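# Examining the three-dimensional arrangement
Here is what each chain is made of, one letter per residue.
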Amino acid sequence: PARIVGTPAWNGQVENGNHNWVEVWLGEEQGWTFLEGAPAGGGSLFEPCSHWFCTPAKMEQTKVYVPQWERVTNDTIYPMAWDFANKDIPGQNRTSYYHEACKPCGQQNALLL
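In what follows, the accompanying structure is described. Remember, it's a predicted structure, so these values are computed and weren't measured experimentally. (Residues numbered from 1 in each chain as written. Predicted model: local features only at pLDDT ≥ 70, side-chain atom pairs only at ≥ 80, totals over all residues. Heavy atoms only, no water.)

### Quick word on the packing of aromatic side chains
Applied cut-off: Classification of ring pairs uses Phe, Tyr and Trp, with its six-membered ring standing for Trp, and accepts pairs whose centres are within 6.5 Å; under 30 degrees between planes counts as stacked, over 60 as edge-to-face, and the remaining range as tilted. Helical segments are the DSSP runs of H or I of at least four residues, strand segments are the runs of E of at least two, and each set is numbered from the N terminus. Per-residue accessibility, obtained with a 1.4 Å probe over protein chains only, is compared with the maximum for each type, and a residue is labelled buried under 20%, exposed over 50%, and partly exposed between these values. Remark: a charge is flagged as sitting over a ring if the NZ atom of Lys or the CZ atom of Arg is within 6 Å of the ring centre and within 35 degrees of the ring normal.
The final tally for this structure, using the stated rule, is eleven aromatic pairs. Measuring from ring centre to ring centre gives 4.9 Å for Phe34 and Tyr98, while their planes differ by 55°; the resulting arrangement is tilted. Here Phe34 is found in strand S3 (residues 32-35), whereas its partner Tyr98 is found in helix H2 (residues 95-102), with 64 residues between them in sequence. For Phe34, a relative accessible area of 1% gives the class buried. Taken together, the ring pairs connect Trp10, Trp21, Phe34, Trp52, Phe53, Tyr97 and Tyr98 into an aromatic cluster. Directly above the ring of Trp32 sits Arg3, whose terminal nitrogen or CZ lies 3.7 Å from the centroid.

What follows is the structure, given as structure tokens:
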């Protein structure tokens, strides 16, 4: 399976813009990984640093979410940058995963920011 993932505000600032990309499930052993669609990028499913946004500077204060089918398992919402008032879409906070995945990517992507 695949799912949309994204941030409603880079570094927690709405004026910095928002972005969405795709997470792909690779099975129990590897879990979720991510990729960027064209024309914004591409990159590798297996190399987080191949994505322009995967740097500590870009992710430092950035919150990342995925929508979720049902709300039973949590109370998190999926914040939609185009409709912040809408609190009806359940979500899952994936921020910790992205902070960890992008931590080693600093210098490699610095020129892309």
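### What to know about the environment of Val24
How we decide: By the convention used here, residues are in contact when the closest approach between their heavy atoms is within 4.5 Å.
For Val24, the location among the structural elements is in strand S2 (residues 19-25). C-alpha separation for the pair Val24 and Pro79, spaced 55 residues apart in sequence, amounts to 20 Å. Discounting chain neighbours no more than four positions away, the residues touching Val24 are Pro1, Ala2, Gly31, Trp32, Thr33, Leu35 and Leu45.

### Topic: empty space enclosed by the protein
As a reminder of what qualifies: Buriedness of a pocket was judged along seven lines, with at least five required to meet protein on both sides within 12 Å; pockets are open sets of points on a 1 Å grid over the protein atoms alone, cavities are sets where a 1.4 Å probe fits but cannot get out, and lining residues have an atom within 4 Å of a point. Grid points are joined across faces, edges and corners, and a volume is the space filled by probe spheres set on the points. Lys, Arg, Asp and Glu make up the charged group, whereas Ala, Val, Leu, Ile, Met, Phe, Trp, Tyr, Cys and Pro make up the nonpolar group; the residues left over, Gly among them, are polar.
Within this structure, the stated rule accounts for one cavity of 30 Å³ or more. Considering the residues around the largest cavity, the lining is formed by Gly6, Thr7, Pro8, Asn18, His19, Asn20, Tyr78, Pro79, Met80, Ala81 and Trp82. At the level of elements, strand S1 (2-7) and S2 are the ones that each hand at least two residues to the lining of the largest cavity. Here the residues of the lining of the largest cavity are counted per class, giving six nonpolar, five polar and no charged.

### Focus on the state of the cysteines
The criterion, for reference: Our working definition of a disulfide is a cysteine sulfur pair at a distance within 2.5 Å.
Per the counting criterion, the structure on display carries two disulfides. The residue that forms a disulfide with Cys54 is Cys102, at a sulfur-sulfur distance of 1.9 Å. Here the S-S torsion is close to -105°, and the disulfide linking Cys54 with Cys102 is therefore left-handed. Here Cys102 lies in helix H2 and Cys54 lies in the loop between S3 and helix H1 (56-59), a separation of 48 residues in the sequence. The pair Cys54 / Cys102 is uniform in exposure class, with both members buried. Going through the chain in sequence order and numbering each bonded cysteine, the pairs you get are 1-4, 2-3.

### A short note on the pattern of salt bridges
Using the following cut-off: Every case where a carboxyl oxygen of Asp or Glu lies within 4 Å of a side-chain nitrogen of Lys or Arg is listed as a salt bridge.
Tallying each qualifying case throughout the model produces three salt bridges. Across the pair Glu23 and Arg3 runs a salt bridge, and its minimum N-O distance is 2.7 Å. Taken as a pair, Glu23 in strand S2 and Arg3 in strand S1 lie far apart in primary sequence, 20 residues in all. For the residue pair Glu23 and Arg3, the accessibility class agrees, reading buried in each case. Where Glu23 meets Arg94, a salt bridge forms, and the shortest distance between an N and an O atom there is 3.1 Å. With Glu23 in strand S2 and Arg94 in the loop between strand S5 (91-93) and H2, this pair connects stretches of sequence that are 71 residues apart.

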